[in-house]
Amino acid sequence: MRTQVGIVGAGPAGLMLSHLLALQGIESVVIEARSRQYCEDRVRAGVLEQGTVDLLNETGVGERMQLQGLLHHGIELGFDRRRHRIDMTKLTGRAVTVYGQHEVVRDLIAARLKAGGQLFFEAENASVYALDSERPMVRYEVGGVAQQLECDFIAGCDGFHGICRPSAPEGVFQVYERVYPFGWLGILAEAAPSQEELVYMNHERGFALFSMRSPTVTRLYLQCDPAEDLKEWPDERVWQELQTRLTCDDGWRPNEGRILQKSVTPMRSFVTEPMQYGRLFLAGDSAHIVPPTGAKGMNLAISDVRVLAEGLAGFYKAGRSDLLARYSDVCLRRIWKVQRFSWWMTSMLHQFPDASPFDQRRQRAELDYVTSSAAAAKSLAENYVGLPMEHLL
Ligand code: RFL
Ligand code: PHB
């Protein structure tokens, strides 16, 4: 089989890239290791920046999001059992939308299939070859039968544990990394959210986050050990810990309900430089990971592929290679700013096991400052709603 762009991975990055390319008349094939159902049910991120929302709308895949997405004009930061509102719309004129990542994935899969797009699920043992030539290749198996996809370019959209990044020769990619001494235990509960906006809570027993997916489903997270065993966390213990950390002096607390899903996510900051080797371009989690405290992972994946699609369009429509050559530098400028914000939010809100009394008081002063200074709140809000998207042109 032959195509213009071979895309490894059907997460938000791979699917959105395939969609954007199709709109420009560029052909792609998406190779995904998991089943369609697995991809469509995988519970992950939930906050879309306005730039992401605009792009989904402008490219015709925003219909369900417009109906079901929840528009949020502010967030709350909590400490000492009190919540403080950051009014993002007043500070920046912009807002975010709460809409699950798996819903975005569903919408993109539906759009690609409707447009006759080629998506291959349950494609096993993918490997990539001839990356520094003009005819790179993806090999994989479907039902035990070997397949070969010849391409002009390969987009490595296969996430942090994918095969594309490790396929470049040793030394090509420089890695910058910080691993945090904690993770998040996340639950999805059949319970009406007890308020409309998210609450990021700093608590002496560890961070907790109150979020939601719909008027009937609450999403909650607890700072935990990165190697936490879920067997140690029966539902009653999860609720007790959430209530301890989230209940405020004014009586606010989350509503409880049947727990639909439970998982543990370790946390790291990670950047690969550059994001290109020959005809292989990395995008999304395959190139970088942010801790989820800034709600940025999926948004970054979408902003990468927007730039990559621009570069590929320049190549096919105007014969320009210079745009693609700038892909990595242009993306990395925004990625590092988002890394900084995600690290900062994480540092401000979590308990660090090695924090000294000085660190604890500094952290407390940071929360006090951000929630009492309009200048500091504006900086947080500007980053939370999303820094401007980068362009190649
Ligand atoms: P994805 O979504 O990981 O998609 C990569 C796709 O590639 C497939 N794949 C392969 N396919 C073929 N052959 C191979 N060898 C393959 N290896 C992997 C995978 O099956 C998958 O379908 O990456 P993408 O598209 O870059 O999107 C990035 C976002 O998914 C990610 O940044 C966020 O979801 C991060 N993240 C979260 N962010 C938040 O803002 N809030 C959250 O609550 C949140 N929870 C999470 C998360 C990431 C997680 N990961 C990566 C383990 C929870 C988890 C568990
Ligand atoms: C979520 O709803 O899953 C969510 C919200 C905000 C974050 C991270 C995750 O910062």
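Predicted model only: the values in this text are computed from it and were never measured.

For ligand 2, the set of nearby residues contains 14 residues, the closest of which are Tyr 200, Ser 211, Arg 213, Tyr 221 and Pro 292. A distance of 2.6 Å is found between an oxygen atom of ligand 2 and a side-chain nitrogen or oxygen belonging to Tyr 221. Between ligand 2 and Pro 292, the relevant distance is 2.8 Å, taken from an oxygen atom to a main-chain nitrogen or oxygen of the residue. Expressed as a share of its isolated accessible area of 280 Å², the protein-covered part of ligand 2 is 98%. Those elements giving two or more residues to the shell around ligand 2 turn out to be strand 15 (208-214) and strand 16 (217-224). For the shell around ligand 2, the leading source of residues is strand 15, giving three residues. Of the residues belonging to the shell around ligand 2, the class tally is eight nonpolar, three polar and three charged.

Turning our attention to the domain arrangement of the protein chain. In terms of domain boundaries, the protein chain breaks down into domain 1 (5-46 + 100-173 + 274-351) and domain 2 (177-267). The partner domain 2 presents 18 residues to the 16 residues of domain 1 that form the contact. Here domain 1 and domain 2 share an interface that buries about 1500 Å² over both sides, 61% of which is from carbon and sulfur atoms. Summed over the shared surface of domain 1 and domain 2, the result is zero salt bridges.

Within the structure, ligand 1 sits among 30 residues, and Glu 32, Arg 42, Gln 101, Tyr 221 and Asp 285 are positioned closest to it. A distance of 2.6 Å is found between an oxygen atom of ligand 1 and a side-chain nitrogen or oxygen belonging to Glu 32. A distance of 3.1 Å separates a nitrogen atom of ligand 1 from a polar atom in the backbone of Ala 33. When ligand 1 sits alone it has 1000 Å² of accessible area, and the protein chains cover 84% of it.

Overall, mixed pairing links the six strands, which are arranged 8-2-1-12-19-18 in an open sheet. Bordering the open sheet on either side are strand 8 (118-120) and strand 18 (276-277), each of which pairs with just one other strand. The pairing of strand 2 (residues 28-31) with strand 8 spans three bridges and is parallel. Each bridged residue has a counterpart across the sheet, and for Val 29 the counterpart in strand 8 is Gln 118. Along the sheet, helix 8 (residues 297-318) contacts strand 1 (5-8), strand 12 (153-156) and strand 19 (280-282); its crossing angle with strand 12, the most-contacted strand, is approximately 175°.

What follows concerns the packing of aromatic side chains. Geometrically, a pair of aromatic rings is defined through the distance of the ring centres and the angle of the planes. On inspection of all chains with the given rule, the structure shows 16 aromatic pairs. Measuring from ring centre to ring centre gives 5.3 Å for Trp 184 and Phe 207, while their planes differ by 25°; the resulting arrangement is stacked. One end of the pair, Trp 184, is in strand 13 (residues 174-190); the other, Phe 207, is in the loop between strand 14 (199-201) and strand 15, with 23 residues separating them in the sequence. Judged on exposure class, the residue Trp 184 and its partner Phe 207 are both buried. It is Lys 296 that lies over the ring of Tyr 384; its NZ or CZ is 5.6 Å from the centre.

Cut-offs and rules
- Residues numbered from 1 in each chain as written.
- Chains lettered and ligands numbered in written order.
- Predicted model: local features only at pLDDT ≥ 70, side-chain atom pairs only at ≥ 80, totals over all residues.
- Heavy atoms only, no water.
- Near = heavy atom within 4 Å.
- Polar contact = N/O pair within 3.5 Å; in protein donor to acceptor, adjacent residues only side chain to side chain.
- Areas by Shrake-Rupley, 256 points an atom, 1.4 Å probe, with all protein chains shown as cover.
- Helix = DSSP H or I, 4+ residues; strand = E, 2+ residues; numbered from the N terminus.
- Nonpolar A, V, L, I, M, F, W, Y, C, P; charged D, E, K, R; others polar.
- Domains from an automatic or database assignment.
- Contact = heavy atoms within 4.5 Å.
- Buried area = accessible area lost by both parts, 1.4 Å probe.
- Salt bridge = Lys/Arg side-chain N within 4 Å of Asp/Glu carboxyl O.
- Pairing = 2+ DSSP bridges.
- Axes fitted to C-alpha atoms, helices over the stretch in contact; angles between N-to-C directions.
- Phe/Tyr/Trp six-rings, centres within 6.5 Å; stacked < 30°, edge-to-face > 60°.
- Buried < 20%, exposed > 50% of the residue type's maximum accessible area, 1.4 Å probe, protein only.
- Lys NZ or Arg CZ within 6 Å of the ring centre and 35° of its normal.

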